[in-house]
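Okay, here's what each chain looks like letter by letter:
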Amino acid sequence: MSARRISILGSTGSVGEQTLAVAEEFPEKFQVTGLAAGRNVEKLASQVRRFSPPIVSVADEKCAQALRDAIGSQSVEILTGATGLDAVAQCESDLVVAALVGAVGLGPTLAAIRAGRDVALANKEVMVMAGALVLREVQRQGVRLLPVDSEHSAIFQVLEGQRREDIAKVILTASGGPFRTWTPERMAKASVAEALKHPNWDMGPKITIDSATLMNKGLEVIEARWLFDVAPEFIDVVVHPQSIIHSMVEFCDGSVLAQLGLPDMRVPIAVALAHPERLPLELPRLDLATAGRLDFEVPDRKRFPCLDLAYAALRGSELAPAVVNAANEVSVARFLDGAIPFPAIASINSAVLDEHLRHSAGSSVRDLDDVGEADAWARAFATEQKTTQPGRCV
Ligand code: MG
């Protein structure tokens, strides 16, 4: 493999940093040609020094000036805002790593696909908000979409060499998050710090809260529905607290194939970066005898109502997943700000989905404007939702 040119949308986030860590370990295999970050200028400056990308992007002009000051005479084109994100998405590269968090990643990821770039997708909201649109564009451009989300990477690996029509069921594993064994009463009083303590994975704050509510697994059900073109009734979730099995596929003959490993995002990142090669990563290895046991349980849909919201959204309308996603971004931000209690995340998301389905059941997605409108409406409605007591939405 000659050096693969990669650009990263969201380079200072958790997946972005781990992508660069993998690239740094194999300098003969990867060349970084573009980096897009938000406001973490200090971290981006260090990345620019290490990888010398010709083009970078930051949130705004103030950040751009701070970056210029930080990197001194080093020659690099610095762009800002949505234009900058699109420019990095379309810059000279073989693979764009879409590692932004949330709705902001949709536009630039589509821009990358339309520019004919293969995409390593960590930004699950892209598929959640506009899966049908994205898939259409991927097919039209003939580019590859390589999942980075650990569950979807597992399914992707398991499906290689298999016929899609032989799939009987896709089974996503879920760690269960930090509140897997908590009572509803205790969950109602959960602090932000407690919700941010993920038992197995090292991830950013938004996705860690989503793991605590199981909204993350719900979003992953929607993501799987589009990535693998499987109807929701053929997608199951099983709680597996050790996070050793990253997901499974059951085939029509009853065989279940799984992908296993110690939980480390560098593995799915490396699979996407080097595909179809595998990189000799120097990471601790899975020893099943040391692991001792693998446990499984049914998810508690009462304590974690966000999981079923995802299925309801998939059944409700083509726009409903974008609505749930937008509501959830608002409610998680409000929780992280200390403005609402933990159970209010689910009740706000649910109230917003109900309101959408009351007016727009069966609505379809024609273009990005439809998605943008639904997203904006859901954000406004979620922001207005008041909570008078823990978990109670009025
Ligand atoms: Mg995941």
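### Considerations on the overall build of the chain
Assigned secondary structure in the chain consists of 17 helices and 13 strands. Relative to its length of 394 residues, the chain is compact, with a C-alpha radius of gyration of 20 Å against a globular reference of 21 Å. Structurally, the chain occupies a C-alpha span of about 55 × 50 × 40 Å along its principal axes. Within the chain, the proportion of its 394 residues that are buried is 56%. Across the chain, contacts joining residues at least 24 apart in sequence account for 69% of those joining residues at least 6 apart. With the model as given, the accessible surface of the chain reaches about 16,600 Å², and the carbon-plus-sulfur share is 51%.

### Structural notes on the sheet that holds strand 6 (residues 118–121)
Strands pair in a sheet through their backbones, by hydrogen bonds, and they do so in one of two ways: parallel or antiparallel. Pairing within the open sheet is parallel, and its 7 strands lie in the order 4-3-2-1-5-6-7. The open sheet has two edge strands with one neighbour each: strand 4 (77–80) and strand 7 (145–147). For this sheet the average axis-to-axis angle between neighbouring strands, irrespective of direction, equals 25 degrees. Strand direction decides the pairing type here: strand 5 (residues 95–98) and strand 6, joined by 4 bridges, are parallel. Residue pairing across strands places Val97 opposite Ala120, the latter belonging to strand 6. Across the sheet, helix 3 (residues 61–71) lies against strand 3 (55–58) and strand 4, angled at about 160 degrees from strand 4, the strand it touches most.

### Some remarks on the coordination of the magnesium ion
The textbook angles at a metal center are 109.5 degrees for a tetrahedron of four donors and 90 or 180 degrees for an octahedron of six. The protein atoms that coordinate the magnesium ion are Asp149 (OD), Glu151 (OE) and Glu220 (OE), at distances of 2.1 to 2.2 Å. Ordering the donors of the magnesium ion by residue number gives the pattern D-x1-E-x68-E. Taken together, the residues span a long stretch of sequence, with Asp149 in the loop between strand 7 and helix 7 (150–159) and Glu220 in helix 11 (residues 215–227) at a distance of 71 residues. Neither Asp149 nor Glu220 differs from the other in exposure class; each is buried.

### Side note on the nonpolar core
Ranked by internal contacts, the top residues of the largest apolar core, which has 131 residues, are Leu67, Met127, Val134, Phe179, Phe342 and Val371. Setting aside anything within four residues of it in sequence, one finds Met127 in contact with Leu121, Val134, Leu135, Leu145, Ile222, Glu223, Trp226 and Leu227.

### So, the domain arrangement of the chain
By a frequent convention, interface size equals the accessible area lost on bringing the separate parts together. Parsing the chain into structural domains produces domain 1 (4–147), domain 2 (149–309) and domain 3 (317–394). Residue-level contacts link 10 residues of domain 1 with 11 residues of domain 3. For the pair domain 1 and domain 3, the summed buried area comes to about 770 Å², and 68% of that belongs to carbon and sulfur atoms. Contact with domain 3 buries area across many residues of domain 1, yet Val128, Met129 and Leu133 alone supply 56% of it, more than any other trio. Applying the counting rule to domain 1 against domain 3 returns 0 salt bridges. For the interface between domain 1 and domain 3, the tally reads 1 residue pair in polar contact (both at pLDDT 80 or more). No other element matches the 6 residues that helix 6 (residues 125–141) contributes to the side of domain 1 that touches domain 3. The residue makeup of the side of domain 1 that touches domain 3, split by class, is 7 nonpolar, 1 polar and 2 charged.

### Notes on the confidence of the model for the chain
Of the residues in the chain, 98% have a pLDDT of 70 or more, and the chain-wide mean is 94. Overall, residues 389–394 carries pLDDT values under 50, and its contacts beyond four positions in sequence, including any with other chains, amount to 16 contacts.

### Observations concerning the sheet that holds strand 8 (residues 167–174)
Overall, mixed pairing links the 4 strands, which are arranged 9-8-10-11 in an open sheet. Edge positions in the open sheet fall to strand 9 (235–239) and strand 11 (256–260), since each of these has one partner strand only. Each adjacent strand pair in this sheet contributes to an overall mean axis angle of 20 degrees, direction not counted. Where strand 10 (residues 245–251) and strand 11 come together, 5 bridges link them in antiparallel fashion. Looking at the pairing, Glu250 lines up with Val256 of strand 11.

### Topic: the pattern of salt bridges
Inspection of every chain in the model, using the stated rule, returns 29 salt bridges. Across the salt bridge formed by Glu92 and Arg5, the nearest N and O atoms sit 3.1 Å from each other. Of the two residues, Glu92 is situated in the loop between helix 4 (81–90) and strand 5 and Arg5 in strand 1 (residues 4–9); the sequence distance between them amounts to 87 residues. A relative accessible area of 26% means that Arg5 is categorised as partly exposed.

Each value, and the rule that gives it
Residues numbered from 1 in each chain as written. Predicted model: local features only at pLDDT ≥ 70, side-chain atom pairs only at ≥ 80, totals over all residues. Heavy atoms only, no water. Helix = DSSP H or I, 4+ residues; strand = E, 2+ residues; numbered from the N terminus. Rg over C-alpha atoms; globule rule 2.2 N^0.38 Å. Buried < 20%, exposed > 50% of the residue type's maximum accessible area, 1.4 Å probe, protein only. Contact = heavy atoms within 4.5 Å. Areas by Shrake-Rupley, 256 points an atom, 1.4 Å probe, with all protein chains shown as cover. Pairing = 2+ DSSP bridges. Axes fitted to C-alpha atoms, helices over the stretch in contact; angles between N-to-C directions. Donors = N, O, S within 2.8 Å, 3.2 Å for Na, K, Ca; no water. Core = buried A, V, L, I, M, F, W, Y, C linked by side-chain atoms within 4.5 Å. Domains from an automatic or database assignment. Buried area = accessible area lost by both parts, 1.4 Å probe. Salt bridge = Lys/Arg side-chain N within 4 Å of Asp/Glu carboxyl O. Polar contact = N/O pair within 3.5 Å; in protein donor to acceptor, adjacent residues only side chain to side chain. Nonpolar A, V, L, I, M, F, W, Y, C, P; charged D, E, K, R; others polar. pLDDT = per-residue confidence, 0-100.

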